[in-house]
Amino acid sequence: MAILSKDEAQTILKKVLGFTTADECEATLNGQIGGNVRSARNTISTAGAVDNVSLAVEARFGKRSGVATCNQFDDATLRRCVQRAEEIAKLAPESPEYVPLLGPQQYLAAPASFAQNTANITPDYRAQQTAASMKLCDTKKLSSAGFLEDSAGFIAKRNNKGLEAYQQVTNLSYSVTVRTPEGTGSGYATADYNDISKFDAARLTQIAADKATGSVAAKAMEPGKYTVILEPAALVANTDASLLGALMNAFDARNADEGRSFLSKKGGGNRKGEKMFDERVTIYSDPSNAEIPDLTFSGDGRPQKKMTWIEKGVVKNLYSSRFWAQKAGIPDIPRPGGWIMEGGTQTTADLIKGTAKGILVTRLWYIRPVDPQTLLFTGLTRDGTFYIENGKIKHPVKNFRFNESPVIMLNNLEAIGKPVRLAGNLVPPLKIRDFTFTSLSDAV
Amino acid sequence: MKRRDFVGLTSLAAGALFLPSIPGFGMGNAVDPAQLLEQVDPAIKKRMADAALNAAKSAGASYADVRIGRYLNQGIFTREKQVQNIASTESYGIGVRVIANGTWGFAATNDVSEAGAAKAAQTAVGIAKANSKVQKEQVQLAPQKGFGEVSWKTPIVQNAFEVPIAQKVALLLAANAKALDNGASFVNSALFQVNEQKYFASTDGSYIDQDVHRIYPTFGVTVVDRASGKFRSRQALSSPMGLGYEYLTPKAADKVAGPAGSDVTGYKMSYDILEDAAAAAKQAKAKITAKSVVPGKYDLVLDPHHLGLTIHESVGHPLELDRVLGYEANYAGTSFATLDKWKSGKFQYGSKEVNIVADKLQPGSLGAVGYDDEGVKTKEWDLIKQGILVNYEKIRDQAQMVGQNESDGCCYSQSWQDVQFQRMPNVSLRPGQGKLSVDELVKGVDKGIYIAGNGSFSIDQQRYNFQFGGQVFYAIEKGKITGMLEDVAYQANTQEFWNSCAATCDASDYRFAGFFNDGKGQPAQSSAVSHGSATTRFNGVNVINTARKIG
């Protein structure tokens, strides 16, 4: 029963709300089917399947709130779930950050976030895609490790103030690391989709395999400041922290207003309206974008709309909780799902052609905050780092550790390439000058 | 590594207001706190387990194990003078793992019944058979005798779930008040409590009932200087522990003073949250005007709370055998500690002072259990002896890959719905044999830095190159602490770093650092692990200055 239709879901939610005696009550249904396959050393290591629907009920008495959940849908269970939420609410302390539940909302027409072919994936499909990847590496005498994960699901919300929301979403993400037999070369490729019609594990594996064989016999270069071309996987990741992800995670209005963010202003307030980045930097979010169709509502029911965060280098908007928006008297904007960095038409290959001296970075890894004041992060290059001279890749180089801030990086912008989808975002490759590498790593 | 830890306390608490489960902390359903005290009769669990094992065998499995798990969590979140959220969650279900046609298969269900268990077993066999068509290497399990019906329980004094919520809230708010009274601009605090009620059964003939408890009080204090626009934070020096609520009743004997002049207190088996919150606020304030470090080579004196993370990242992870063999290549990475280095019998991982031991036994540690999640009795074993690499961390399907016939008993799954796999046991640095106090250790340092508390951390995918920050830093000049430093991080190569280990204090200084959310695997799973050590000196380590300017 994992993917309920809008009518089926709202029928259950109406029934749930009918059972409550609370001042305010909101119910959310979340369902998902899916599976995953993991491989290493060109053989499958583990695999699993997921199938679940769960209901969360939030009940409120005055400023007290309680949440309970269940995953069975007979009347008795639903009634008990509501009662439990009410009992927990009665025990809870009053929330000083209480805001009433939202009333009816206007959402954008649902974009194509759900694809039936993704929902129809079978264990055999996963095994076959993985087999194609492993076969390619067997033939080339390379060693691959991959992970394929897919899901199809829905989310439905309703409350006793008139809010009603429903949307279906599918997703498949795949990543593969290919290594040479002696472990002297390593490459990586990743992609994600709502609709799997373009997914081809072997094609992605080929990219990773080329990086692996191309990165054998890497030469050591002195750490220091270099012009770099950062491929999209060096800018965002769905498995770890990332430089652009960290930047967007820091756009919270409250932290800025409280003085503990790179967006805090000396003396108080925040830096909205200030130009903090190169004028070619524009970052926005849009749930209707055809390449990254996303949810049109946030977790608390606020509409997700097209929203500009940075425009021509100027900080345009910050997101916040509803409580903080009301308290600070600022626009009430939820945190977005995916986001889009505007770019040009150049591919990574084009950017390489236009580079006299520089370093091509496939991927950055183990990225951790060092100083939140300047948004300084550290991490390392991984799975394919190359020296570029006169528009051509000259040779692979040993991996570096970097210490760099995305704020400084987006001021040292040389060129922006064509955005591609990655981890639910649209991200261009970037050419950056004076990127700070602080030491060498022996890791391959 | 702890991927989930970059989710700071602030966002953790804010998210919890809207979600029935707390990100990074269990995945259960919200329940009335009273339900956290209930237990399920092992006889009922045995019937369901047998249903799964029989169904798996009938469907063609050559081996099967079943884990019936009830995972209970409670998180209390506060900031300044207010409670942000109290979440009590329960997750109850069955996970069945099988070998069919020499291939693993796994399926899980929240239908906790004999029929549900049997159906999950059949699904798992179906998945194993589908994958066996493209499988090349057959799974080989190290032999394991059945233990019959046995049980184990974390030796706690007081179950944290039995303590009234009001009492726990009052303690956190009192800690916040201490921080605010001592100059904090902001303070977030939280108390996490975990109870894993795990029942394991396998076709080897084991029926193992375990009741595992963990607790983690923590906070983060921030001081903002509006005039300069500067802000600095200091996190708690508590550790998550395999203890009950008794961890929060401070005992004088559990307090360990840092070197004279440092204003640092470390904690062993109990923690004084009020004292630490006051110290944190004072230290965060002092960090705003502390001297920015001059980069260069320093002798580092590292306190156990800090050193635990360095051990975790540069010894615990590289010696996980699945990483060494390439099974984690696509996510966490591989390891520099390759089999040829181990086989040589003379790979000098560290200096003679470095004796590192793995275990799942130490009382109060997060790793302590009676049996692991594939029914192996837990033990202690050496990883590094007098600097030489002597062994890895491994489980049943890995032992034969290195010519051994016994699992180390460090298999773990974060819940019933995730498949169990090799996880890091406790990995600890043995204290020095001769008597050596922290003050005596510092006395011999001419130009150095004393670092307490773990902070920023990053290491490459083969565990060669790392960079660590900390919570508080103190200059050591001519054997004495001379004042606080800021903007400190050190970069090193794992082997060079451990070979620069000059001395470690004696057992009186030994204590745990722990981590609640060590991430590994795809889909990613979280596990909890402790690292024991005493304050230790490393010579001539490269220190960088991390201060930058943004426009």
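An unreviewed UniProt entry lists chain B under the name TldD protein, with Hymenobacter crusticola given as the organism.

An unreviewed UniProt entry annotates chain A as Peptidase C69 originating from Hymenobacter crusticola.

A. Representation of the UniProt feature "domain: Metalloprotease TldD/E N-terminal" (unreviewed entry) in chain A. Feature annotation in UniProt places "domain: Metalloprotease TldD/E N-terminal" (unreviewed entry) on residues 33-89 of chain A, given in this structure's numbering. End C-alpha to end C-alpha, residues 33-89 of chain A measures 31 Å, and it is 26% helix and 60% strand.

B. Layout of the packing of aromatic side chains. Per the stated rule, a full pass over the model turns up 37 aromatic pairs over all chains. Their ring planes at 80 degrees and their centres at 6.3 Å tell us that tyrosine 63 of chain B and tryptophan 104 of chain B sit as a pair that is edge-to-face. Of this pair, tyrosine 63 of chain B sits in strand E2 (residues 63-79) while tryptophan 104 of chain B sits in strand E4 (residues 103-109), placing them 41 residues apart in sequence. Of the two residues, tyrosine 63 of chain B and tryptophan 104 of chain B, neither departs from the other in class, the shared state being buried. Clustering of aromatic rings is evident, with ring pairs tying together Phe466, Phe468, Tyr490, Phe497, Trp498 and Phe538 of chain B. Stacked on the ring of tyrosine 188 of chain A, the Lys or Arg arginine 363 of chain A has its end atom at 3.6 Å from the ring centre.

C. Summary view of the layout of surface pockets. All names here are of chain A. Roughly 890 Å³ of internal volume is contained in the second largest pocket. If you trace the second largest pocket, you find 31 residues lining it, with Thr190, Ala191, Arg203, Val420 and Arg421 closest to the centre. Contributions of two or more residues to the lining of the second largest pocket are made by strand E6 (186-193), helix H5 (201-214) and strand E17 (420-422). With 6 residues, E6 is the largest single contributor of residues to the lining of the second largest pocket. In terms of residue class, the lining of the second largest pocket is built from 15 nonpolar, 7 polar and 9 charged. Viewed by domain, the lining of the second largest pocket spans two of them, domain 1 (6-210) and domain 2 (218-243 + 343-440), each represented by three or more residues.

D. Structural view of the interface of chain B and chain A. Contact with chain B, which involves 73 residues of that partner, is made by 87 residues of chain A. Summed over both partners, the interface of chain B with chain A buries about 7000 Å², with 50% contributed by carbon and sulfur atoms. Our count for the chain B to chain A interface comes out at 7 salt bridges. Lysine 133 of chain B serves as the salt-bridge partner of aspartate 124 of chain A, at 3.8 Å between the closest nitrogen and oxygen. When its residues are assigned to classes, the side of chain B that touches chain A shows 30 nonpolar, 27 polar and 16 charged.

E. Highlighting the environment of methionine 248 of chain A. All names here are of chain A. Here methionine 248 is to be found in helix H6 (residues 243-249). Assessed through its relative accessible area of 5%, methionine 248 is described here as buried. Note: C-alpha distance between methionine 248 and asparagine 117 (131 residues apart in sequence) is 32 Å. With residues near it in sequence (within four places) discarded, methionine 248 still touches Ile283, Trp309, Tyr319 and Trp339.

F. Main features of the domain arrangement of chain A. Residues and elements named next belong to chain A. Domain annotation for chain A reports domain 1 (6-210) and domain 2 (218-243 + 343-440). Relative placement of domain 1 and domain 2: their C-alpha centres are 31 Å apart. Facing 10 residues of domain 1, the contacting portion of domain 2 comprises 9 residues. Of the roughly 800 Å² buried where domain 1 meets domain 2, counting both sides, 39% is carbon and sulfur surface. Considering only the side of domain 1, the residues that lose the most area to domain 2 are Tyr188, Thr190 and Asp192, jointly responsible for 63% of the buried surface there. Joining domain 1 to domain 2, the criterion identifies 1 salt bridge. On the surface where domain 1 and domain 2 come into contact, there are 5 residue pairs in polar contact (both at pLDDT 80 or more).

G. Seen up close, the UniProt feature "domain: Metalloprotease TldD/E central" (unreviewed entry) in chain B. The UniProt record marks residues 162-247 of chain B with the feature "domain: Metalloprotease TldD/E central" (unreviewed entry), using the residue numbering of this structure. Across residues 162-247 of chain B, helical content stands at 20% and strand content at 50%; the span's end C-alpha atoms are separated by 14 Å.

The rules we used
Residues numbered from 1 in each chain as written. Chains lettered and ligands numbered in written order. Predicted model: local features only at pLDDT ≥ 70, side-chain atom pairs only at ≥ 80, totals over all residues. Heavy atoms only, no water. UniProt positions renumbered as here; feature names shortened; annotations may be inferred. Helix = DSSP H or I, 4+ residues; strand = E, 2+ residues; numbered from the N terminus. Phe/Tyr/Trp six-rings, centres within 6.5 Å; stacked < 30°, edge-to-face > 60°. Buried < 20%, exposed > 50% of the residue type's maximum accessible area, 1.4 Å probe, protein only. Lys NZ or Arg CZ within 6 Å of the ring centre and 35° of its normal. 1 Å grid on protein atoms, 1.4 Å probe; cavity = no way out; pocket = protein on both sides within 12 Å on 5 of 7 lines; lining within 4 Å. Points joined across faces, edges and corners; volume = space filled by probe spheres on them. Nonpolar A, V, L, I, M, F, W, Y, C, P; charged D, E, K, R; others polar. Domains from an automatic or database assignment. Contact = heavy atoms within 4.5 Å. Buried area = accessible area lost by both parts, 1.4 Å probe. Salt bridge = Lys/Arg side-chain N within 4 Å of Asp/Glu carboxyl O. Polar contact = N/O pair within 3.5 Å; in protein donor to acceptor, adjacent residues only side chain to side chain.

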